[in-house]
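# Observations on the three-dimensional arrangement
Residue-level listing of the chains:
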Amino acid sequence: MIWLIVGLVLFLGVHSVRIAAPEFRLAQIDARGLNTWKGAYTAVSILGFLMLVWGYGQARLDPVVFWVAPLWMSHVVALVMLFAMIFLVASQVPAGKIKAAVKHPMLLAVKIWALAHLLVNGDLASLLLFGSFLAWAVVDRISEKKRLRAGLTSNPVAGPLKWDIIAVVGGLILYVAFVIWLHRWLIGVSPILGM
């Protein structure tokens, strides 16, 4: 469990610098340059991610279970994860109507992903993993709203419909890939019973 916790601290910690210590971030960029900052940020992110993946896998071997979700809940999760995938893809393409409407599709995708997985995973490791990501995404969204009010950032402006089509089609492809193959391959658990 310690690897999971350390991984979460590193991964979410480096992703929270802009939230908790924006002056530190700017000072590091001024002193060392943007590319050095991005390199360090990337290295800590990768290290933290690898540690949390390893730690989560190890914790699942001897789980502390608080609840077992009813079978029907997996159907609810399957439905909402489709929207998470669409928002995830929308976050990676120029703004269309979707990105402009939700403002921060990556954060919304993380919130949906985390909450959905909390609904069907009642073990301690899952509570730590998905609960931490959910809390981080909520805090980050609040921080983004404060930065917007301070004039430090802006919301995306709606662009052509083609970016929404790409987001929806890309999200559907990613969703199908995860349901059929990627989730079982990466996580070791099929999201569809009997597969």
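Above this text is the structure in question.
A brief report on the enclosed structure follows. Position numbers for residues start from 1 in each chain and track the written sequence from start to end. Reporting in this predicted model follows two pLDDT cut-offs: at least 70 for local features of residues, and 80 or more for side-chain atom pairs to be given and counted; totals over whole chains, interfaces and linings ignore these cut-offs and use all residues. Hydrogen atoms and water are omitted, and side-chain values are computed over all heavy atoms in the structure.

### Details of the overall build of the chain
The criterion, for reference: Secondary structure is summarised from DSSP: a helix means a run of H or I of at least four residues, a strand means a run of E of at least two, and numbering begins at the N terminus for each. Note that the radius of gyration is over C-alpha atoms, with the globule rule given as 2.2 Å times the number of residues to the power 0.38. The rule is simple: take the accessible area with a 1.4 Å probe, protein chains only, and divide by the maximum for that residue type; under 20% is buried, over 50% is exposed, in between is partly exposed. Whether two residues touch is decided by their heavy atoms; if any such pair falls within 4.5 Å, the residues are in contact. His is not counted, nor are the chain ends, whereas Lys and Arg count as positive and Asp and Glu as negative. To locate a charge, the coordinates of NZ of Lys, CZ of Arg, CG of Asp or CD of Glu are taken.
A count of helical and extended segments in the chain gives nine helices and two strands. Over its C-alpha atoms the chain spans a radius of gyration of 18 Å, differing by no more than 12% from the 16 Å that the globule rule assigns to 195 residues. Dimensions of the chain along its principal axes, counting C-alpha atoms only, are 50 × 45 × 25 Å. Buried residues in the chain amount to 36% of all 195 residues. A fraction of 73% describes how many contacts in the chain between residues 6 or more apart in sequence connect residues 24 or more apart. The distance from the centre of the 16 positive side-chain charges to the centre of the 7 negative ones in the chain is 8 Å.

### Looking at the packing of aromatic side chains
Spelled out, the test is: Here a pair means two rings of Phe, Tyr or Trp (six-membered ring of Trp) with centres within 6.5 Å. Their orientation is stacked below 30 degrees between planes, edge-to-face above 60, and tilted elsewhere.
Tallied over the full model, the rule gives eight aromatic pairs. Where Tyr56 meets Phe130, the ring centres are 6.0 Å apart and the plane angle is 75 degrees; that geometry is what we call edge-to-face. With a gap of 74 residues between them, Tyr56 in helix H4 (residues 34–61) and Phe130 in helix H8 (residues 124–149) connect regions that are remote in the sequence. Grouping aromatic residues by their ring pairs yields a cluster made of Phe11, Phe49, Tyr56, Trp113, Phe130 and Phe133.

### Section: a positive patch on the surface
For the record, the criterion: Patches here are clusters of residues that have more than 30% relative accessible area and form no salt bridge, with a 9 Å joining cutoff for like charges and a 5 Å cutoff for nonpolar side chains (Val, Leu, Ile, Met, Phe, Trp, Tyr). Calculation of accessible area relied on Shrake-Rupley with a 1.4 Å probe; when residues are assessed, cover is drawn exclusively from the protein chains displayed. Whenever a carboxyl oxygen of Asp or Glu lies within 4 Å of a side-chain nitrogen of Lys or Arg, that contact is scored as a salt bridge.
Taken together, Lys103, Lys145, Lys146 and Arg149 make up a surface patch of like positive charges. Residue position: Lys103 is located in the loop between helix H6 (97–102) and helix H7 (105–120).

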